[in-house]
Amino acid sequence: MDQTSDCIVVGAGPAGLTAAIFLARFRRNVTLLDGGESRASLIPRSHNHPAFPDGIGGPDLLARMREQLSRFGVEPRRAAARTAKVLADGRIAVGTEGGTLLTRQLILATGIRDRLPDLPDAVARVREGIIRQCPICDAYEVIDRRIAVLGHAGCAIGEALFLRGYTADLTLVTLTPVELPADQREMLDHAGVRIEARPVRRIEAGGDVGVVLHFGDGSEAQFDAAYAGFGNDPQTLLARELGLPLSPDGRIETDARQRTGLPGVWAAGDVVTGLNQIAVAMAQAEVAATDIHNRLRIAEGRALAP
């Protein structure tokens, strides 16, 4: 077991890196665990992140944050957290493939994992921007363009209706024949959203046209952009091991200071119920890191008790 750190941060996406930067600047002993699965690493370009009027790619943003963190002498530890438990003395043991780490405070910034269509090279298509994941991030850039939304569950229908505020040329591509509930079909009809139920064989870049969908019957359709509407899975393995309360959508519940239902454990970013946005994740991480620092200062007799 490593020496006990002031805080272990699990997850090296925007939330985890922000928390580590703040804790390092507070001169705290922080360990950042990077499982190598940051959702932000898949973003080809985010157009709505404040201070970047031309947008910024997810890998570029993460690289900048890593560089900033390194200036305080902290490097992410490339290791996935596999287990977590509270010991009898109140410390938290975090198990990795390389051993067990100990801490007094833990921040879970484990994020979510987007579900993707069962199509060849789906992850690569996300990285290339051929399949988009976040209309909040970039729907403004496709105003009045021809858009496809992939999927047929409620999340896909909700995404199509959201995008209706940006364009009237919308097609819900169900990927396979499916009978939609009457009320949902009525809403789509009222919004002018077409429904395409032919099986899709593959999706690829279309040269001058943004996206080409190839159907199983050999035909194809061209769109300016395609959005995936399959939902996501919160990464809550450690939260469930620790017995943390989860919300109905499966994410970690926190209070206004990002504290969970277990003393010594905070959570921030997409794994927390709320808006899945980089700026939100960063803000939550700042709140959590500052709360941890203040808690430690009180224990050290260097701050007034609240």
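Here is what the cut-offs are and how they apply
Residues numbered from 1 in each chain as written. Predicted model: local features only at pLDDT ≥ 70, side-chain atom pairs only at ≥ 80, totals over all residues. Heavy atoms only, no water. Core = buried A, V, L, I, M, F, W, Y, C linked by side-chain atoms within 4.5 Å. Buried < 20%, exposed > 50% of the residue type's maximum accessible area, 1.4 Å probe, protein only. Helix = DSSP H or I, 4+ residues; strand = E, 2+ residues; numbered from the N terminus. Salt bridge = Lys/Arg side-chain N within 4 Å of Asp/Glu carboxyl O. Pairing = 2+ DSSP bridges. Axes fitted to C-alpha atoms, helices over the stretch in contact; angles between N-to-C directions. Parallel < 35°, antiparallel > 145°, perpendicular 65-115°, else oblique. Left-handed = near helix turned anticlockwise from the far one by under 90°. Contact = heavy atoms within 4.5 Å. Nonpolar A, V, L, I, M, F, W, Y, C, P; charged D, E, K, R; others polar. Right-handed = clockwise from strand over helix to strand, strands pointing away. Disulfide = S-S within 2.5 Å.

## Considerations on the nonpolar core
Core analysis: the biggest nonpolar cluster contains 31 residues, and Val9, Leu23, Val30, Leu32, Leu69, Ile107 and Ile292 have the highest contact counts within it. Listing elements by their share of this core, those giving two or more residues are strand E1 (5-10), helix H1 (14-25), strand E2 (30-34), helix H2 (58-70) and helix H8 (278-299). Looking at this core element by element, the count peaks at eight residues for H8.

## Details of the pattern of salt bridges
Here the structure, examined in full by the defined rule, presents 20 salt bridges. Here Arg82 and Glu97 are joined by a salt bridge, their closest N and O atoms 3.8 Å apart. With Arg82 in strand E4 (residues 81-86) and Glu97 in the loop between strand E5 (92-96) and strand E6 (99-108), the pair connects residues that are 15 residues apart, well separated along the chain. For Glu97, a relative accessible area of 53% corresponds to the exposed category. For the salt bridge of Arg194 with Asp169, the shortest nitrogen-to-oxygen distance reads 2.3 Å. Within this pair, whereas Arg194 is found in strand E11 (residues 194-196), its partner Asp169 is found in the loop between helix H5 (154-163) and strand E10 (170-173), the two being separated by 25 residues in sequence.

## A closer look at the sheet that holds E10
Taking strand neighbours across the sheet as the criterion, the five strands line up as E8-E15-E9-E10-E11 in an open arrangement whose pairing is parallel. Unpaired on one side and paired on the other, strand E8 (131-132) and E11 mark the two borders of the sheet. The pairing of strand E9 (residues 147-150) with E10 spans four bridges and is classified as parallel. Bridge pairing in E10 links Ile147 to Leu170.

## As for the packing of H5 against helix H6 (residues 182-191)
Orientation of H5 relative to H6, taken along the N-to-C sense of each, is 20°, at an axis distance of 10 Å. With respect to their mutual orientation, H5 and H6 come out roughly parallel. Here the hand of the crossing between H5 and H6 comes out left-handed. In contact with Ile157, Ala160 and Leu161 of H5, H6 contributes Gln184, Met187, Leu188 and Ala191. Grouping the amino acids of the contact of H5 with H6 by side-chain chemistry returns six nonpolar, one polar and no charged.

## Some points on the pairing of E10
Where burial is concerned, the two faces of E10 agree: the one with Leu170 and Leu172 and the one with Thr171 and Val173 are both buried. In this fold, E9 hands off to H5, which returns the chain to E10; that crossover is right-handed. Viewed along the sheet, the connection from E10 through H6 into E11 turns out right-handed.

## What about the side chain of Thr31?
Examined against the element boundaries, Thr31 turns out to sit in strand E2. By relative accessible area, which is 15% here, Thr31 ends up buried. Among all residues touching Thr31, those that are not within four sequence positions of it are Ser5, Cys7, Ile8, Val9, Arg77 and Leu101.

## Describing the state of the cysteines
Under the counting rule described, the total for this entry stands at one disulfide. As a non-bridged cysteine, Cys155 has Cys134 as the owner of its nearest cysteine sulfur, 14 Å distant.

## Here we look at the packing of H1 against H2
The geometry of H1 relative to H2 is characterised by a closest axis approach of 9 Å and an angle of 20° between their N-to-C directions. In terms of axis orientation, H1 runs roughly parallel to H2. Crossing of H1 over H2 shows left-handed handedness. Across the interface between the two elements, Pro14, Leu17, Thr18, Ala20, Ile21 and Ala24 from H1 touch Leu62, Met65, Arg66, Gln68 and Leu69 from H2. The residue inventory of the contact of H1 with H2, partitioned by class, reads eight nonpolar, two polar and one charged.

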